[in-house]
Amino acid sequence: MRGLRLYETGPGLALGGWPTDERGAWPSERVHARSLFKSLSDPDRFALYSVRDVDPLPPVGLESPGDAVRDHTLSVVREFRRVPLEASALGLVIFTALWGAVPRLLAALAHFAERAVGLYQPAYLLLARSQEDPRMSALLLGVHECAALQAARASAFSIEALLA
């Protein structure tokens with residue numbers, strides 16, 4: 001199961017932003033992979049992407065009502081993997097569609113994902129949507145930065161075409 005936890009720093013978070021239990025340890029040993037992303041626009045906001053067995057993400061005890069943790073179960077729309085999976089850079093972009101615009105957003109993201117496979121040759125690409133909030137979609141790209149530099153691209157990948 002793929003999950004995405006969106007949260008702000010606060011009580012119950014270990015150094016580096018990893019959610020922990022009361023002992024300060026990651027409580028679930030059934031997590032196969034996880035990546036932590038820090039917001040580019042707000043340094044106190046984080047996203048934790050995980051691939052795990054069916055058990056839910058461990059709860060995070062937050063004390064102040066201003067802190068929010070939102071867990072999302074992700075349903076795969078498009079996925080691409082190279083074998084073996086090796087990436088030197090991971091990027092996560094979260095999109096929230098207006099009500100009624102979800103199909104258009106998913107179509108645009110799926111088209112971008114198909115083009116990105118040929119253009120950026122990612123080691124990994126995942127386009128998924130939240131089961132809890134159908135308006136939210138996530139795009140995760142893993143690329144080889146050295147390959148991007150050898151191809152004389154300014155960056156490993158870019159979503160500028162999507163933002164227009």
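Note: the structure precedes this text.
Just so it is clear, the model here is predicted, and its values are computed rather than measured.

Trainee: Could you clarify how one ought to interpret the overall build of the chain in this entry?
Mentor: Helix and strand content of the chain: three helices and seven strands. Secondary structure elements of the chain, listed N to C terminal, follow the sequence β-β-β-β-β-α-β-β-α-α. When burial is assessed residue by residue, the chain has 39% of its 164 residues classed as buried. Across the chain, contacts joining residues at least 24 apart in sequence account for 68% of those joining residues at least 6 apart. As displayed, the chain has an accessible area near 9500 Å², and 54% of this comes from carbon and sulfur atoms.

Trainee: Looking at this model, I keep getting lost on the side chain of S137. Mind explaining?
Mentor: Along the chain, S137 turns up in strand β7 (residues 136–143). Owing to a relative accessible area of 1%, S137 belongs among the buried residues under this scheme. S137 has contacts with V93, I94, F95, L105, L106, L109, A128 and R129, leaving out every residue within four places of it along the chain.

Trainee: I'm lost on the packing of aromatic side chains in this one. Help?
Mentor: What describes a pair of aromatic rings is the distance from one ring centre to the other and the angle between the planes of the rings. Tallied over the full model, the rule gives one aromatic pair. Aromatic side chains Y7 and F46 sit 5.8 Å apart centroid to centroid with 20 degrees between the ring planes, which places their arrangement in the stacked category. Of the two residues, Y7 is situated in strand β1 (residues 2–8) and F46 in strand β3 (residues 45–52); the sequence distance between them amounts to 39 residues. Overall, F46 belongs to the buried group, its relative accessible area being 13%.

Trainee: Quick question: what am I supposed to make of the environment of P103 here?
Mentor: For P103, the position within the fold is in helix α1 (residues 102–119). The class for P103 is exposed, based on a relative accessible area of 58%. Along the sequence, P103 and R135 sit 32 residues apart, while their C-alpha atoms lie 9.3 Å from each other.

Trainee: Just to check I follow, could you spell out the layout of surface pockets for this structure?
Mentor: With a probe scaled to a water molecule rolled over the atoms, the places where space remains empty come into view. Within this model, the largest pocket holds a volume of roughly 680 Å³. Forming the boundary of the largest pocket are 24 residues, of which K38, S39, L40, L92 and I94 lie nearest the centre. Looking at the lining of the largest pocket, the elements that each hand over two or more residues are β1, β2 (31–38), β3 and β5 (89–96). The element best represented in the lining of the largest pocket is β5, accounting for seven residues. Here the residues of the lining of the largest pocket sort into 15 nonpolar, four polar and five charged.

Trainee: Is there a simple way to explain empty space enclosed by the protein in this structure?
Mentor: Counted by the stated rule, this structure contains one cavity of 30 Å³ or more. Here the lining of the largest cavity gets three residues from one element, more than from any other, and that element is β7. Residue composition of the lining of the largest cavity, by class: eight nonpolar, no polar and no charged.

Trainee: Quick question: what am I supposed to make of the nonpolar core here?
Mentor: For soluble globular proteins, the rule of thumb is that nonpolar side chains tend to be buried together. Ranked by internal contacts, the top residues of the largest apolar core, which has 16 residues, are F112 and L139. At the level of secondary structure, the elements contributing two or more residues to this core comprise α1, β6 (124–130) and β7. For this core, the element with the most residues is α1, which contributes eight residues. By size, the runner-up hydrophobic cluster in this structure holds 13 residues, among which are F37, A47, A128 and M136.

Calculation rules
Residues numbered from 1 in each chain as written. Predicted model: local features only at pLDDT ≥ 70, side-chain atom pairs only at ≥ 80, totals over all residues. Heavy atoms only, no water. Helix = DSSP H or I, 4+ residues; strand = E, 2+ residues; numbered from the N terminus. Buried < 20%, exposed > 50% of the residue type's maximum accessible area, 1.4 Å probe, protein only. Contact = heavy atoms within 4.5 Å. Areas by Shrake-Rupley, 256 points an atom, 1.4 Å probe, with all protein chains shown as cover. Phe/Tyr/Trp six-rings, centres within 6.5 Å; stacked < 30°, edge-to-face > 60°. 1 Å grid on protein atoms, 1.4 Å probe; cavity = no way out; pocket = protein on both sides within 12 Å on 5 of 7 lines; lining within 4 Å. Points joined across faces, edges and corners; volume = space filled by probe spheres on them. Nonpolar A, V, L, I, M, F, W, Y, C, P; charged D, E, K, R; others polar. Core = buried A, V, L, I, M, F, W, Y, C linked by side-chain atoms within 4.5 Å.

The analysis is restricted to geometry; functional conclusions fall outside its scope.
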